Every structure is written in C-alpha cells, then in structure tokens.
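Notes for the structure review
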Amino acid sequence: MRSISLSRFLIEEQRDKNQIPADLRLLIEVVARACKAIAIAIGKGGIAGVLGSAGSDNVQGEVQKKLDVISNEYLLEANEWGGHLAAMASEEMELPHAIPNRYPKGEYLLLFDPLDGSSNIDVNISVGTIFSVLRCPEGSSGDEAAFLQPGTRQVCAGYAVYGPTTLLVLALGDGVNVFTLNRELGSFVLTQENLRIPEETREFAINASNIRHWEAPVRRYVDELLAGTTGPRGEDFNMRWVASMVADVHRILSRGGIFMYPLDAKTVDQGGKLRLMYEANPMAYIVEQAGGAATTGRARILDIQPTHLHQRVPVIMGSKSEVLRVTRYHTESAA
Ligand code: P6P
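In short, a report on the structure. (Residues numbered from 1 in each chain as written. Predicted model: local features only at pLDDT ≥ 70, side-chain atom pairs only at ≥ 80, totals over all residues. Heavy atoms only, no water.)

Notes on empty space enclosed by the protein
For the structure on display, the rule yields three cavities of 30 Å³ or more. By volume, the largest cavity is sized at about 60 Å³. In terms of lining residues, the largest cavity is bounded by Phe 9, Glu 13, Leu 170, Ala 171, Leu 172, Asp 174, Gly 175, Asn 177 and Phe 179. Looking at the lining of the largest cavity, the elements that each hand over two or more residues are helix H1 (6-17), strand S8 (166-171) and strand S9 (176-182). Class assignment of the residues belonging to the lining of the largest cavity gives a composition of five nonpolar, two polar and two charged. (1 Å grid on protein atoms, 1.4 Å probe; cavity = no way out; pocket = protein on both sides within 12 Å on 5 of 7 lines; lining within 4 Å. Points joined across faces, edges and corners; volume = space filled by probe spheres on them. Helix = DSSP H or I, 4+ residues; strand = E, 2+ residues; numbered from the N terminus. Nonpolar A, V, L, I, M, F, W, Y, C, P; charged D, E, K, R; others polar.)

Right, here's the structure in full:
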C-alpha cells in the first residue's frame, strides 16, 4: 500500500487523471480538516462537556445534541472563506447557508449531515459525518432550488466515521478510497484503495423493532433470511443494527451486507425515515462506486428528482445481489 496523504492523493488524481479541479480539491481538503476537528471534539466527550442535548430541536424536529451543533458550526466556518462554494445545506439547518458577501463564491454546493447517528454519542458508539458535492447551476445564487438535483449529478461524496479509528471514505467518480487519520501527524493517510463491496453476503441490517410496520416485500425478504437453512435461502444469515447509518454502511462496504430503512407504516406519510440529499444520495453514490446497489425498493436512489431539501426516502443499499432481490420482491408484490 502506497503510504500517501490525502493531499498527495488528490494532487496526483488532479494531475494524472485531470479529474479533480483545484477548487474541488480545496473543498475536499477543507471538509477533511473540519472532520478532524469534529473527531477531536467527539474524542474529548464528557471531559469537554460536549455530550448531551443542546436544548434545541433541528428542522427535522429531532433533539439536537451539543455535538450536532458544534459539528455543523465547524463545517460552516471551515467552508465559508475558501471561494469554492456557492452555498451549503445541512440536516441541522432549514434553509441553505449562503456564503457571506465578504467572501468570494465558487461553483460547488456542499450538503452534509454533520453528525449522523448522534443519538449514539452519549453511549460512545461510532457516529459519522456524511457529505455530498454538487455543481451550482449556472447563474444560480445557491438557493434551495439549486440543490434539488438528482444524486447522479454528484461530483463527489464521502463520509467520516468516528470509531476506534477515524476514517475518511471518498468517492470522486472513479472508485472508493479509504483514508485513516494519523493522530500523531494530524493527517489522513490512504489505507485502502478501490474498495469493492462483496456481491454476495450473509449479513443484513434493519431495525427489527419495526417488523409489524413493514410492507409485504420487506417482510417476505427478512422472513426468508430468518428461516436460514430451513427456508428458501438455504443459508443462515446474521443481523447487525448500530442505528448509525455511517457505521452500518461502512461495515457493509467493508465486508458485504444489506442496509435497509424501508418505507413502513410509521414513515409512509413522510416518504421514509432517512434524508435523500445528505444521507441516501451520498451513501448511494459511494455504494454504487464500490460495485453495490442502492434503491428505495421501487427506484434507483440516485435517479430520484428531489422536490425539497429535507426530503426523506426509503433506503435499501449494499451487496448488489441482495438489493436486487429485495427490489424484485417489491416489483412482484406490485404486480
Ligand atoms: P432508528 C440516525 O438518527 C439515523 O438517521 C441513521 O444514522 C440510522 O441508520 C437511523 O437514523 C436509525 O434509526 O429508528 O433505528 O433509531
């Protein structure tokens, strides 16, 4: 494995493949620096008094953790001055954040979930930052309409997972690469090139407490997995559910699996649980770049034309053969 830093990787990608414009390289390095600051804040935990609730709700109506607010601020402050962005959007903010007039505007739009899975923070379970990069439409000021582009228009997507190690997982349209934070040097170092998700798997991730709310195709699929060697799959399966999308999807990218937060009777009115623009789309982009698949059960996630910034969608993603099976069950159920 070449021992190269994130900066060198991006420069070589830019020079050798002419794939990453300078402003996009700057954007990625700035986001990575903000993720390092978030990792440090998380690592201090109770010592720095950053655990617990911020005493406010976000636009989703969810209780904000102190670290949700801190992480959001880090990403806003890090990205405001660089001249590479037209605007930013966050799970934690109702409206897009315009670049202050004192700074130049750029051609990119940055979307992020600053601290996904933050309900796990107080019990020391891995959480993460998810981000997505779009181009700002020509002549647009970066208002909400500018962000409403299908996931296929992403030029970059990535996540940081704050676990036993802090990882940065990056997809730029030419595969998925993993960088590990060297805490002594304070820099991300390439530790896995061209990550490929195993086509087949014997592991699934779903919040099984919702079983009574599931639609028939999901119930059929999970029942078959639970039947194991006694059922139609003829194999035993294992279940994992961290309740932190970044941790669950990273496990699946690393050793295969299927992640499901499907439409169910509880979430049908909102269209699903997870957010399209800064959770489903970036993760779907990364999973597809790693050779996996990502659908709502009825449509490819990246093809969805968004109607509003905080839109929610059903999510089924991971090892291609399993995702295609679940999607087929939805088609058969509708027939
Ligand atoms: P539940 C975290 O709040 C999150 O948005 C995802 O990271 C995670 O996969 C999901 O919600 C967990 O939802 O219903 O199991 O708490």
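Having seen it, we continue.
Observations regarding helix H8 (residues 320-334)
The terminal C-alpha atoms of H8, which comprises 15 residues, lie 21 Å apart, in line with the 21 Å expected from a rise of 1.5 Å per residue. The complete set of buried residues in H8 reads Glu 322, Val 323, Val 326, Thr 327, Tyr 329 and His 330. Along the axis of H8, the buried positions cluster into a sector of 145°, meaning they face one direction only. Those residues of H8 that are buried are in contact with helix H5 (216-227), strand S13 (258-261), strand S15 (293-295) and strand S17 (315-318). (Expected span 1.5 Å × (residues − 1). Buried < 20%, exposed > 50% of the residue type's maximum accessible area, 1.4 Å probe, protein only. Arc of directions from axis to C-beta. Contact = heavy atoms within 4.5 Å.)

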